[in-house]
Amino acid sequence: MQLCAAIIKIKQIQLAVVQVEPEHTWPSTGPAALMHAQRFFPTLPILLLSPRVGGFSRSYSTFDIAPLIKQINADEIEWQAYRPPPLPELPF
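Residues numbered from 1 in each chain as written. Predicted model: local features only at pLDDT ≥ 70, side-chain atom pairs only at ≥ 80, totals over all residues. Heavy atoms only, no water.

Chemist: Sorry, what's going on with the confidence of the model for the chain here?
Modeler: Close reading of the predicted structure is inappropriate where its pLDDT is low. When pLDDT is averaged along the chain, the result is 88; 99% of the residues meet or exceed 70. Across the chain, the element-wise mean pLDDT spans from 84 in helix 2 (residues 66–69) up to 95 in strand 3 (residues 46–49). (pLDDT = per-residue confidence, 0-100. Helix = DSSP H or I, 4+ residues; strand = E, 2+ residues; numbered from the N terminus.)

The following block contains the structure:
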């Protein structure tokens with residue numbers, strides 16, 4: 001399964017922005033979506049962002065995004081398709 005995402009830099013902070021459906025930005029479903037995205041970006045903070053609907057985009061993260069969110073425009077992000085990393089080879 002692939003992921004639509006981008007790595008962006010805002011205020012000297014590099015983070016992964018992952019495009020998800022709005023229902024994956026809720027507190028009940030966001031943690032599972034973040035765990036899935038961590039397979040793709042294990043070393044970066046991750047922001048889940050839904051496409052704009054009626055001029056409004058929902059987001060979810062485990063860190064305080066308030067100081068950065070006004071500088072993130074989902075329509076201006078150059079989204080890319082990411083495939084999961086290959087599974088490590090077994091040692092035997």
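Next comes the rest of the write-up.
Chemist: For this particular structure, what's the right way to read helix 1 (residues 30–38)?
Modeler: Note: α-helices contain 3.6 residues per turn, so residues at a spacing of three or four share the same orientation. The complete set of buried residues in helix 1 reads Gly30, Ala33, Leu34 and Ala37. Looking straight down helix 1, one finds its buried side chains confined to an arc of 100°; they lie on one side. What points out from helix 1, more than 90 degrees from its buried face, is the exposed set Ala32 and Met35. On its buried face, helix 1 is in contact with strand 1 (3–10), strand 2 (13–19), strand 3 and strand 4 (59–60). (Buried < 20%, exposed > 50% of the residue type's maximum accessible area, 1.4 Å probe, protein only. Arc of directions from axis to C-beta. Contact = heavy atoms within 4.5 Å.)

Chemist: Is there a simple way to explain unusual backbone geometry in this structure?
Modeler: Glycine aside, residues mostly have negative phi, and peptide bonds are mostly found in the trans state. Located in the positive-phi region is lysine 11, a residue other than glycine, with phi close to 50°. Along the chain, lysine 11 falls in the loop between strand 1 and strand 2. Despite not being glycine, glutamine 12 shows a phi value in the positive range, around 65°. For glutamine 12, the location among the structural elements is in the loop between strand 1 and strand 2.

Chemist: Is there a simple way to explain the sheet that holds strand 5 (residues 80–82) in this structure?
Modeler: Sheets are built from strands that pair by backbone hydrogen bonding, the pairs being arranged parallel or antiparallel. Pairing in this open sheet of 5 strands is mixed, and the strands run 4-3-2-1-5 from one edge to the other. In this open sheet, the two strands that pair with only one neighbour each are strand 4 and strand 5. Sheet analysis places strand 1 next to strand 5, joined by 3 bridges and oriented antiparallel. Bridge pairing links leucine 3 to tyrosine 82 in strand 5. (Pairing = 2+ DSSP bridges.)

Chemist: Looking at this structure, how should I read the side chain of serine 50?
Modeler: As for its placement among the helices and strands, serine 50 is situated in the loop between strand 3 and strand 4. Not counting residues within four places of it along the chain, the set of residues in contact with serine 50 comprises Val20, Glu21, Pro22, Thr25, Ser57, Arg58 and Ala74.

Chemist: Where do I start with the environment of proline 42 in this structure?
Modeler: Here proline 42 shows up in the loop between helix 1 and strand 3. Overall, proline 42 belongs to the exposed group, its relative accessible area being 66%. A sequence separation of 33 residues divides proline 42 from lysine 9, and the C-alpha atoms of the two residues are 17 Å apart.

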